[in-house]
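Single-letter residue listing:
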Amino acid sequence: MTAANIATFIRGAHHLVARPDGLVRPSRMSDKQLEAAASAGRERAARTTAGITIDLVTTGDEVSFDLTVLKGIRMESASVQKTIELAEAAAHADAQLAAADADKGVEAAGEDDAEATAQAEATEDATEQAEDGAAAEALAPEAGLVDGIDLVVDGTYVRTVPVREGAVTLAFDNPNHQPAEVRVYLPCLMTVAVGNLSTNGSIERAPKRGYLLALGDSITQGYVVGSPSASWPARVARACGLDLVNQAIAGHHFDIHTLRGMKALRENPPAAIVVAYGTNDWAHTDAKRELVANMTKYLGRLAERFQETPVYVLSPIWRADEGEPHPHGRTLAWWRDTLRDECQRLGLRYVDGTELVPADTSLYADGRLHPNATGAEHLAEGVLEAFDNDGLLAALGGRHDTPAALADAQTLLRSDAPRRQRTLEQAVRTIWRLRQPDGCPWDKEQTHASIKKNMIEEAFEVVDAIEAGDAAHLREELGDVLMQVLLHAQIAEDAGEFTFADVCRDLDDKLIRRHPHVFGYGESASSADEVLGIWSKVKLAEHRAEGDAAKASGDAAEGDAADVASGAASPAKPQGLLDSVPRSMPALMQAQKVSKKAAACGFDWDSTTDVWKKVDEERGEFLAEKPGSPEALEEFGDVLFAAVNVARKEHLDAETALRASCDKFRERWASMEAAAASEGRSVEDLSRDELEELWNKAKDGASERA
């Protein structure tokens, strides 16, 4: 095991407090902020480790550290109790449903079937065990129900484990022991101390990044969300590629004093600040004047201290009791309007929380106030949409939680991975320049159609270079193919169709989607055959998704009477199995590909012998037609198609086989030409018998060389 000082791997803490036992307590707030929270009776909530993570890069598949719980969950909290109560009720309902399904299975099996009876008894036992397990989990609120410790590897959530005293060991899949970024989220609702970090591989710091500062009350702290990585600030920070400093305090009233002691944050300002205005002020402040004064002072101080940082103010989301009367006599809608007006005055970004989390109790862990993991996801997406609308997401490099972004981050952990491709960017600009008004007259005139044959010609030249084993020529010809790609992309961009970036993005998405065994978590492949099986499943899913999308488009078009009446284009029909094979592909290749796809569905001969019989049958049909007629042309095509299937059944590539025969013919013909030239003659001057003689000599010579 490789040990390291855990202090250098902790993210999201304002500072660390060393303890006599060698562990450290991460503090997400300054001492002055803690004093302000303590004076308001919120010190316990302020000392929790919400948003704090242990981040490292390791080649191992196991991470361990020691943990001590200094303050546990406040079990007397009404939200905690209600969350546990609802979870237990849901677990009981699930167990009853499972038992009912098992009973149906018994009835279907029949009472006289001994084997079915035994299976039913086993199912019943399993149901009882599941019910017991569900109850046990419900009674352990720290195990992903109210709080816990989360493991995230390369941006992918792996599991939540209970918070326990002593050594915490987290294992994950890393079969090839390549660098993986491991992020461990500490509890949201507890105060813990940690130390003695180790892993069974190398250990390095995770990449440096900016941070998101989250301010608010219990919803922002992650109260009863279930697992710390599921809180809305954690989701937003991951999506933005940022660390998180979560200074939310459960039960917090927006007191200006909690903004003291933020010098370290001002000197190293966050990429963004989100103030999620909860409903504590609105629900528990008696006077309207005090309510407004606290809000204006708080937001004014924040705007003053972080003038260069975008500040987003999120208004309260739905709560079950928002219609009940309150001492100040103002509705939650009024409070939202007041917040919006103050944000406009201060130049802060206002985000209306009204619709972010639907008024559906199933999205709230306690059924009334605090979102569960799904509700938190709704909330996070609303904040990210606001970031996107302002251009902040683009400034941060786009979303970092997409499959493509996660795969790229995973790859960049490897020191020898390619970085910036400046020469490619330069080539893109050169092609752009050639099509500008003062560019090249020839390039400016080109269209997709005018240069379509160039792509085929350049591709064939690449193949020639490969077969010749000429690396220098291959390098040149690959450049010519790339030029065709760049030129087509620029033509498309000029027409407002797509860009070269779109081409690269689509390609990257497809590669990642079709390689879950490389970029995913929990999928593996140890052989090429297993990879082909994965590709087949992914392609089938893609095909079905395209069909569903086409059907949805068709349904929408069918329902739009105005479009039909105006002669709008009919919806695109769903793509067929063979539609993915280009019709412009060389005929032999096309024949082998379409027959292979059909054979995969069971439309095939039993053996190669059967295919040869088909070849003979098609040959007979060809001979029966008038020579040179359209019918003879069609039947000869059938002969070739059947012959291609002989190659497929024998695991041969028909195109490669015919190319090899063409090359062989070329070589022998060149030998014949050389032999004739040595006698001062041309092959055009030779008789049929003389040509046959030279052919046999060339053939024999080739055999001797072989």
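Quick notes on the rules
Residues numbered from 1 in each chain as written. Predicted model: local features only at pLDDT ≥ 70, side-chain atom pairs only at ≥ 80, totals over all residues. Heavy atoms only, no water. Phe/Tyr/Trp six-rings, centres within 6.5 Å; stacked < 30°, edge-to-face > 60°. Lys NZ or Arg CZ within 6 Å of the ring centre and 35° of its normal. Pairing = 2+ DSSP bridges. Helix = DSSP H or I, 4+ residues; strand = E, 2+ residues; numbered from the N terminus. Axes fitted to C-alpha atoms, helices over the stretch in contact; angles between N-to-C directions. Contact = heavy atoms within 4.5 Å. Buried < 20%, exposed > 50% of the residue type's maximum accessible area, 1.4 Å probe, protein only.

Draft legend 1. The arrangement of the packing of aromatic side chains in detail. Tallied over the entire structure, the rule returns 10 aromatic pairs. An aromatic cluster is built from Phe 254, Tyr 277, Tyr 298, Trp 334 and Trp 335, whose rings are joined through pairwise contacts. Between the NZ or CZ atom of Arg 330 and the centre of the ring of Trp 334, over which it lies, the distance is 5.4 Å. Between the NZ or CZ atom of Arg 349 and the centre of the ring of Tyr 312, over which it lies, the distance is 5.7 Å.

Draft legend 2. Structural context of the sheet that holds strand E14 (residues 243–246). Spatial ordering of the open sheet is given by E14-E13-E15-E16-E17, a layout of five strands whose pairing is parallel. Unpaired on one side and paired on the other, E14 and strand E17 (349–351) mark the two borders of the sheet. On average, adjacent strands in this sheet sit at an angle of 20 degrees to one another, irrespective of strand direction. Alignment of strand E13 (residues 211–216) against E14, held across four bridges, turns out to be parallel. Directly across from Leu 213, in E14, lies its bridge partner Val 245. Running over the sheet, helix H9 (residues 288–305) touches E13, strand E15 (272–276) and strand E16 (311–314) and is turned about 175 degrees from E15.

Draft legend 3. Quick look at the environment of Ile 6. Take Ile 6: it is sitting in the loop between strand E1 (2–4) and strand E2 (10–11). The buried category is assigned to Ile 6, whose relative accessible area is 4%. In sequence terms Ile 6 and Ser 198 are 192 residues apart; their C-alpha atoms lie 8.6 Å from each other. The contact partners of Ile 6, leaving out residues within four places of it in the chain, are Val 24, Ile 54, Phe 65, Val 194, Gly 195 and Leu 197.

Nothing here speaks to function; it is all geometry.
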